[in-house]
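Observations on chain architecture
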Amino acid sequence: MVILHSAMSSLPLKKLIQPSKPISALTHPIPTTQAKLSIHFQIMNPNASSSSIHTYQVPALDSDQMCRIADQTFDRYSSNAVKRKGKGTAIVWFRNDLRILDNEALFKAWASSEAVLPVYCVDPRLFGSTYYFGFPKTGALRAQFIIECLADLKKNLMKRGLNLLIRHGKPEEIIPSLVQGFAAHTVYAQKETCSEEVDVERLVKKALLQVKLPPSPEKPTSHHSTNCPKLQLVWGSTMYHMDDLPFSTNSIPDVYTQFRKSIEAKCAIRRCVKIPTSLLPTPSVEDWGCVPSIDLLGIQSQKVNKGMKFLGGETAALSRVFEYFWKKDLLKTYKETRNGMLGPDYSTKFSPWLASGSLSPRFIYEEVIRYEKERQANDSTYWVLFELIWRDYFRFLSIKYGNSIFHLGGPRKVEKRWSQEQRLFESWRDGCTGYPLIDANMKEVSTTGFMSNRGRQIVCSFLVRDMGIDWRMGAEWFETCLLDYDPCSNYGNWTYGAGVGNDPREDRYFSIPKQAQTYDPEGEYVAYWLPELQKLQKDKRHFPGNSYIEQIVPLKFGTPKKHNGQGTAFAEKQTKGFKRLERKKK
Ligand SMILES: Cc1cc2nc3c(=O)[nH]c(=O)nc-3n(C[C@H](O)[C@H](O)[C@H](O)COP(=O)(O)OP(=O)(O)OC[C@H]3O[C@@H](n4cnc5c(N)ncnc54)[C@H](O)[C@@H]3O)c2cc1C
Ligand SMILES: Nc1ncnc2c1ncn2[C@@H]1O[C@H](COP(=O)(O)OP(=O)(O)OP(=O)(O)O)[C@@H](O)[C@H]1O
């Protein structure tokens, strides 16, 4: 039974609320009429076949090109200068760092041993349910993306003479038994910051205390003591290293601008870690295990039949950097295009690879610097770094604020009434609110696993401010759907948008007419995702009146007065404002 509260309730909500439809039920049929925009996409997509005219592969390169680019990049980032001095076996436990380039845990495992055993644990908890509302914790599209990342990591490790051992189960059970079996002295892994992941680290550490290894000849111990294997956690998820911050994590500035200015003035970004071309010898393993299939994870697969299809893995990640910076030369205009919503080129699309760790933010930084030297430096080239600092900021804040980023009142413990009305939430989730801008964005995220930054801010504002819905319902739905789901960036941005985070502007309201006019003035984006709007005149697509579904709630500010397709009084006012601004700029 589904229990929902129409007003703020003090009852424990955990697991009471289930989505009424599984995510797999949220795919949308391919429209029968071939819209102009889809043709535009087809022309843009060199790989489009007649069966995939509605999809755009990111990156849009074939597999040979991608392998070449990845190999060339690996060559630039390989070094045989460091001599290996370690003894015995070390394990590298891959988590959200599914890459070879600039992977400090992998480098340290190699340098401190004679043989490295790379391991990935398919942890069933990642495929359970979200905390409060019981949505799938990892939706089908992200699961597929992670599977692709694992297959690619295995392939790239094999190119260096290693392999990837894949086991199904909890790391706290798998890792200690491997440590015992291989007599590994150390397990290296990337440090995480949120409680679910930190709990697993603690459990692994605890379980390692029970492992008794025979004393090693290099480190003689007294006759009754044994050698204790260690878990070494390595920092690796941010562009600025945590140890280089000019403040302790407890005193990180709450306001982004202060954080950014301080780190830009006082810290440098470390160089990427280079690893040798060969990581041999390979430990002898009877069964390396297989990259899981989506069925094996108990998830119903979902095909992307429209919009962007992202390819998982480091090879694709490095190729996307090459494509965006060098091939298409889009970095020089990023700042002007970054607020777009349609197609692969308005922004970098690096986030899915950053979230899985198949792309290092420090590598992006070095590529920006190379681009600035070889092509040009301008506001746009800097702005990618500016955005990556937002990512760092949310990661570091998750240490300072702990679990409060997941709580209703957020880091500021704001007390406010929220609704959990399921009818409203479902209309938002399924893209049936009657507001094309909201509906198009929500259909995009459930179909592709991606939504633009502009779209995310708009749908967040609509859910929390126009509908008054508990922001955690939105955040958990994003947790299910997003390819780039990252607890720090997701919950950080949601608390920000819901006014319970550290935004100096507390009431961040995104007016739909204004956003529509500014960011989709021709209605191209909404018509792409809602083909029924294609037949309408461009100026009617955002407020189509009776030719579209009824609006589920009025807007908090500027409720449309007319439904005759002429636009709203508010929209017209906003349009004039927008035009005035444009004239001023000229
Ligand atoms: C409600 C909401 C939820 C979000 N959830 C996530 C999430 O789970 N994972 C995630 O990676 N991003 C999240 N973001 C941030 C942002 O929307 C995405 O990082 C961005 O849209 C990804 O597209 P891109 O790679 O093309 O970004 P670009 O515009 O090309 O930016 C380059 C990189 O900068 C970083 N970045 C940009 N904006 C932000 C931001 N606001 N916060 C943190 N990092 C940023 C990302 O790593 C991004 O890949 C969220 C934003 C909102 C408003
Ligand atoms: N990686 C993650 N992704 C999603 N949610 C996470 C992640 N890590 C932690 N959480 C969330 O953190 C929260 C932990 O909440 P819980 O209520 O158990 O802790 P708490 O007892 O409130 O913590 P505290 O003792 O710090 O107040 C949950 O909401 C959980 O879903």
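Further up the page is the structure itself.
Residues numbered from 1 in each chain as written. Chains lettered and ligands numbered in written order. Predicted model: local features only at pLDDT ≥ 70, side-chain atom pairs only at ≥ 80, totals over all residues.

1. Quick look at the overall build of the protein chain
Check the secondary structure of the protein chain and you find 20 helices and 7 strands. A total of 586 residues make up the protein chain; the buried ones form 46% of that total. Taking the contacts inside the protein chain whose residues are at least 6 apart along the sequence as the reference set, 77% of them involve residues at least 24 apart. (Helix = DSSP H or I, 4+ residues; strand = E, 2+ residues; numbered from the N terminus. Buried ≥ 20, exposed ≤ 12 C-beta atoms within 10 Å, placed from the backbone. Contact = placed C-beta atoms within 7 Å.)

2. Things to note about the site of ligand 2
Every residue near ligand 2 is listed here: Tyr-131, Cys-194, Ser-195, Glu-196, Glu-197, Gly-402, Asn-403, Phe-406 and Pro-487. Here the shell around ligand 2 takes 3 residues from helix H6 (residues 195-209), the largest share from any one element. Here the shell around ligand 2 is built from residues that sort into 4 nonpolar, 3 polar and 2 charged. (Near = placed C-beta within 6 Å. Nonpolar A, V, L, I, M, F, W, Y, C, P; charged D, E, K, R; others polar.)

3. Looking at the site of ligand 1
Near ligand 1 lie 29 residues; those nearest to it are Ser-347, Thr-348, Glu-387, Asn-490 and Asn-493. Of all the elements in the fold, those that place two or more residues in the shell around ligand 1 are helix H10 (351-356), helix H12 (379-401), helix H15 (453-466) and helix H17 (487-497). If you tally residues by element for the shell around ligand 1, the top one is H12, at 6 residues. Each residue belonging to the shell around ligand 1 can be placed in one class, and the counts come to 12 nonpolar, 10 polar and 7 charged.

4. Side note on helix H2 (residues 63-76)
Between the first and last C-alpha of H2 there are 20 Å, a value that for 14 residues agrees with the 20 Å anticipated at 1.5 Å per step. For H2, the complete set of buried residues consists of Met-66, Ile-69, Ala-70, Thr-73 and Phe-74. Looking straight down H2, one finds that the buried residues subtend no more than 135° of arc, so they occupy a single side. For H2, the exposed residues set more than 90 degrees away from the buried face come down to Asp-64, Gln-72 and Asp-75. Of the surrounding secondary structure, the elements contacted by the buried residues of H2 are helix H8 (314-327). (Expected span 1.5 Å × (residues − 1). Arc of directions from axis to C-beta.)

5. Some details on the packing of helix H11 (residues 361-374) against H12
For the pair H11 and H12, interaxial distance at closest approach is 10 Å and the crossing angle is 165°. As the angle between them shows, H11 and H12 are arranged roughly antiparallel. Crossing hand, H11 versus H12: left-handed. Two secondary-structure elements touch here, H11 through Pro-361, Ile-364, Tyr-365, Val-368, Tyr-371 and Glu-372 and H12 through Thr-381, Val-384, Leu-385, Leu-388 and Arg-391. By residue class, the composition of the contact of H11 with H12 is 8 nonpolar, 1 polar and 2 charged. (Axes fitted to C-alpha atoms, helices over the stretch in contact; angles between N-to-C directions. Parallel < 35°, antiparallel > 145°, perpendicular 65-115°, else oblique. Left-handed = near helix turned anticlockwise from the far one by under 90°.)

6. Things to note about the sheet that holds strand S6 (residues 230-234)
Read from one edge to the other, the open sheet built from 5 strands follows the order S4-S3-S2-S5-S6, with strand pairing classed as parallel. Here the strands that pair on one side only, and so sit at the sheet edges, are strand S4 (165-168) and S6. For this sheet, the mean inter-axis angle between neighbouring strands, taken without regard to orientation, is 30°. Bridging between strand S5 (residues 184-190) and S6 involves 5 bridges; their strand directions are parallel. Within the sheet, the bridge partner assigned to Tyr-188 lies in S6 and is Gln-232. Taken strand by strand, helix H5 (residues 171-182) contacts strand S2 (89-94), strand S3 (115-122), S4 and S5, and its axis lies near 160° from that of S2. (Pairing = 2+ DSSP bridges.)

7. Focus: the pairing of S5
Residues in a regular strand project their side chains so that they alternate between the two faces of the sheet. Among the 7 residues that make up S5, 7 are buried, leaving the element largely enclosed by the rest of the structure. Direction of pairing for S2 relative to S5: parallel, over a ladder of 5 bridges. Following the sheet pairing, Ala-90 is matched in S5 by Thr-186.

8. So, the packing of H12 against H17
Where H12 meets H17, the axes come as close as 8 Å, and the angle between the chain directions of the two elements is 90°. What the angle tells us is that H12 and H17 run roughly perpendicular. Between H12 and H17, the contacting residues are Arg-391, Phe-394, Arg-395, Leu-397 and Ser-398 on the first element and Pro-487, Cys-488, Ser-489 and Gly-492 on the second. Across the contact of H12 with H17, the residue classes break down as 4 nonpolar, 3 polar and 2 charged.

9. Things to note about the nonpolar core
Counting 143 residues, the largest nonpolar core has Ile-91 and Val-92 as the members making the most contacts within it. In terms of residue count, helix H4 (residues 140-159) provides more of this core than any other element does, 10 residues in total. Discounting chain neighbours no more than four positions away, the residues touching Val-92 are Ala-105, Leu-106, Ala-109, Val-116, Pro-118 and Tyr-188. (Core = buried A, V, L, I, M, F, W, Y, C linked by C-beta atoms within 7 Å.)

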